[in-house]
Amino acid sequence: MMSLNTFSIAALHANAINFVITGLIIGKSNVSKFEKIERQDQPSLRGVIKFLIRDNCDHFINVTVWGTYQFVAEYNSHFTIGHVINVIRSKVSFVRHDDTFNPITSSPLELTINEGFGSIEFFDGDVAEKVKLLRVPLKSPDLALNLADIASTSDDAGGLVDLFVLVAKLRPTRQIAGKLVRDVVVVDQTVPGMYLTIWNEAWNIRSDSWNEMSTVLHLINIGYKYSGFHKSIVLATLSRTIIIVDPDCERSKSLKEYGQSSALILTELDYCEPDLSTIKTVMSIQQILNRLNDSSGDSVFYSLTYAMVTQMDIDGWSPFYSRRCIHCNCRIKIKDTSCEKEDCSLFFAESPLDEHYISYFNIPVHLTDHTGTLQCRLVGDAAERIFGCSLTDYLKLSDSQRTSIKWKFLMERCTVKLAIKRKTALRFNTQITIVDLKVANPAEVLEKILVY
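Figured I'd write up the structure that's included with this text. Note that the coordinates shown come from a computational prediction; the quantities given were computed from them, not determined experimentally.

Thoughts on the pairing of strand β3 (residues 32-37)
- Taken across its six residues, β3 has zero buried, putting it largely on the surface.
- Pairing analysis gives six bridges linking β3 to strand β4 (residues 43-54), with the strands arranged antiparallel. Of the residues in β4, the one forming a bridge with I37 is P43.

Quick look at the structure:
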């Protein structure tokens, strides 16, 4: 067998033949399949997949594999991001100047493997140094923009951009047209939430290991555009996108520190109760609904409303309290005594705490006036203040005592102060929370209630 020359990416030239390049896979495309007409007009199913490999801090190159769909599917199942591979006897060519689909690389060349000509194999040596390249930025972190730099872009704008972001929320993967897709909410110090849709299967699988409020992403050539559905700028991975996870740099450390700050802890109790004396803007229920539908308004506002409490089940079978993990602040099921997340289990294994959760009032309430009905919630400290007892004490009350508390408010015209938060990237649903509730003075209602 003819011996192989060993090249680095930097030393590679267009006339190179019979060579091997060793590199770390840092990017991988989805498999594309298509039909090709062969001899006797018989169609055959073909496929193509692309890898981005890196052999040091400064150099990286694209590798394209062509062949029958079965051949390409085998490469897809064998090799993925994080593997160190040998690219053997590939064809070398110059990158087309009009190439808008592949990641931009440091090399003016690209490698191609066709079924039967060239191959990829696992590198059988020490991979420790190569694997470290997964966390080395491909570009200077200083060149990346903040989310605020694109958040205010006009409706028709869009394009590619480099960003440094923190993973705030991971939504479950889903199938769209046979493709695995995941929505991620990302933040930085300038914007409290922006949607990122990951269309790449390899990155969707790797995102299972990302941690909310901890994992930092260096997004290179990420697509952005205005979404009429979200009424904001959204991000999406494209075929040119490169992602570096938890890059080893100061900007990454700064974002991680920001993520651990109390300002980003997100729970159902995610509101700072305002000074109740400052809530003086009287609004009917219809006016509240109209303002919620006006996307140009503030994401948080407060209202003083005169309405009848038409539903507040705190003495029947309906759930009226919830639990949240004291470590990650996520909601857990009432029947559970601990959070199922792996990092929480590890935390509690080393913790002397007897209880792993906090229980709090979480009561659905319906308010009705002459303009409509509003569904809201009475939660946490506000509920304890309004009822005059803690949740612990309330759970000790008899059914008749609970019913007595309920009928102090049910079917009564009340003065209600509300904190209203619109749905955002980080807040998946609109939150309408009662912060104060008392039976109204009829004279006050007559004086202040609005016709509309």
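Examining the layout of surface pockets
- As a volume, the second largest pocket reaches approximately 800 Å³.
- In terms of lining residues, the second largest pocket is bounded by 33 residues, among which S29, N30, V31, S32 and N200 are the most central.
- Residue assignment for the lining of the second largest pocket shows that the elements contributing at least two residues are β2 (19-28), β3, β4, α1 (69-78), β12 (179-187), α4 (201-206) and β16 (242-245).
- If you tally residues by element for the lining of the second largest pocket, the top one is β4, at five residues.
- Residues that form the lining of the second largest pocket fall into these classes: 15 nonpolar, 13 polar and five charged.

Comments concerning the pattern of salt bridges
- Inspection of the entire model under this criterion finds nine salt bridges.
- Put simply, D208 and R182 hold a salt bridge, and the shortest N to O gap is 2.9 Å. Of the two residues, D208 is situated in the loop between α4 and β14 (216-227) and R182 in strand β12; the sequence distance between them amounts to 26 residues.
- A relative accessible area of 9% places R182 in the buried class.

Quick word on helix α5 (residues 250-259)
- Among all positions in α5, only S252, L255 and G259 are buried. Down the axis of α5, the smallest arc covering the buried residues is 65°, so these residues share one side. The exposed residues of α5 that point more than 90 degrees off its buried face are E250 and E257.
- For α5, the elements touching its buried residues are β10 (158-170), β12 and β14.

Rules behind the numbers
- Residues numbered from 1 in each chain as written.
- Predicted model: local features only at pLDDT ≥ 70, side-chain atom pairs only at ≥ 80, totals over all residues.
- Heavy atoms only, no water.
- Buried < 20%, exposed > 50% of the residue type's maximum accessible area, 1.4 Å probe, protein only.
- Helix = DSSP H or I, 4+ residues; strand = E, 2+ residues; numbered from the N terminus.
- Pairing = 2+ DSSP bridges.
- 1 Å grid on protein atoms, 1.4 Å probe; cavity = no way out; pocket = protein on both sides within 12 Å on 5 of 7 lines; lining within 4 Å.
- Points joined across faces, edges and corners; volume = space filled by probe spheres on them.
- Nonpolar A, V, L, I, M, F, W, Y, C, P; charged D, E, K, R; others polar.
- Salt bridge = Lys/Arg side-chain N within 4 Å of Asp/Glu carboxyl O.
- Arc of directions from axis to C-beta.
- Contact = heavy atoms within 4.5 Å.

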